[in-house]
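# Remarks on the overall topology
Listed below are the residues making up each chain.
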Amino acid sequence: REDSLPEMEQIAEREWQNYIVNLALENIKSKVSKKMVEVFLELELGKSAQDVAVTLDLPRNTIYIYQKRMQRKLGEEIRRLSHELGD
């Protein structure tokens, strides 16, 4: 069916983006602290900064700092991979 082609392209694009994000995360894990990765993943699961701070026994301000650093590093790596892989 021709009308499902755009939908298939959207699915393929989402899968590609997920692949790039996961690859980027794997690539930067060795360059940041384990705690920073834990904070990022907990926040990505939808937990609040306050809950993550309590769970990981960290000041709430540290949660925000880690989140920003991870977002920056992940963004840089996603851009690098996208360029390298020709997206």
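Residues numbered from 1 in each chain as written. Predicted model: local features only at pLDDT ≥ 70, side-chain atom pairs only at ≥ 80, totals over all residues. Heavy atoms only, no water.

## Overview of the overall build of the protein chain
Short version of the rule: Labels follow the DSSP assignment, with helices taken as runs of H or I lasting at least four residues and strands as runs of E lasting at least two, numbered in each case from the N terminus. Only C-alpha atoms enter the radius of gyration; for comparison, a globular chain is expected to reach 2.2 Å times N to the power 0.38, where N is the number of residues. Contacts are assigned to residue pairs that have any heavy atoms within 4.5 Å of one another. Each accessible area value is a Shrake-Rupley result obtained with a 1.4 Å probe; residue values ignore everything except the protein chains displayed when judging cover. Lys and Arg are tallied as positive, Asp and Glu as negative. Neither His nor the chain termini are counted. To locate a charge, take atom NZ for lysine, CZ for arginine, CG for aspartate or CD for glutamate.
A tally of regular secondary structure across the protein chain gives 4 helices and 0 strands. Along the protein chain, helices and strands appear, N-terminal first, in the series α-α-α-α. Taken against the 2.2 N^0.38 rule, which gives 12 Å for 87 residues, the C-alpha radius of gyration of the protein chain at 16 Å runs more than 25% over that of a compact globule. C-alpha extents for the protein chain along the principal axes are approximately 55 × 25 × 15 Å. A sequence separation of at least 24 residues applies to 63% of the contacts in the protein chain between residues at least 6 apart. Accessible surface, the protein chain: about 6,300 Å² in total, of which carbon and sulfur atoms supply 51%. Both charge centroids of the protein chain, one from 14 positive and one from 16 negative side chains, sit 10 Å from each other.

## Details of helix α2 (residues 34–44)
Condition: Each residue's exposure class comes from its accessible area (1.4 Å probe, protein chains only) as a fraction of the maximum for that residue type: buried when under 20%, exposed when over 50%, partly exposed otherwise.
Within the sequence span of α2, burial applies to M36, V37, V39, F40, E42 and L43. In this structure, the buried side of α2 is in contact with α1 (5–29), α3 (49–56) and α4 (60–84). Looking one or two places after α2, you find G46, whose phi comes out positive at around 100°.

## Some details on unusual backbone geometry
Backbone geometry at D57 places phi at a positive 55°, although glycine is not the residue there. Considering the arrangement of structural elements, one finds D57 in the loop between α3 and α4.

## Overview of the nonpolar core
Basically, it comes down to this: Take the buried Ala, Val, Leu, Ile, Met, Phe, Trp, Tyr and Cys residues and link them wherever side-chain atoms come within 4.5 Å; each set so joined is a nonpolar core.
With 20 residues, the main nonpolar core has V39, V52, L58, I63, M70 and L74 as its most contacted residues. Listed by contribution, the elements that provide at least two residues to this core are α1, α2, α3 and α4.

## Brief notes about the pattern of salt bridges
Note the following rule: Any Lys or Arg side-chain nitrogen found within 4 Å of a carboxyl oxygen on Asp or Glu counts as a salt bridge.
All chains considered together, the criterion is met by 5 salt bridges. Residue E77 pairs with R80 through a salt bridge whose shortest N-O separation is 2.8 Å. Highlighted residues: E77 and R80, both in helix α4, separated by 3 residues, approximately one helical turn. Relative accessible area serves as the criterion here: at 6%, E77 is assigned to the buried category. On the basis of relative accessible area, R80 is assigned to the partly exposed category, the value being 37%. Shared partners join several salt bridges into a network, and the residues in it are E77, R80 and E84.

Functional significance is not addressed by these values, which are geometric in nature.
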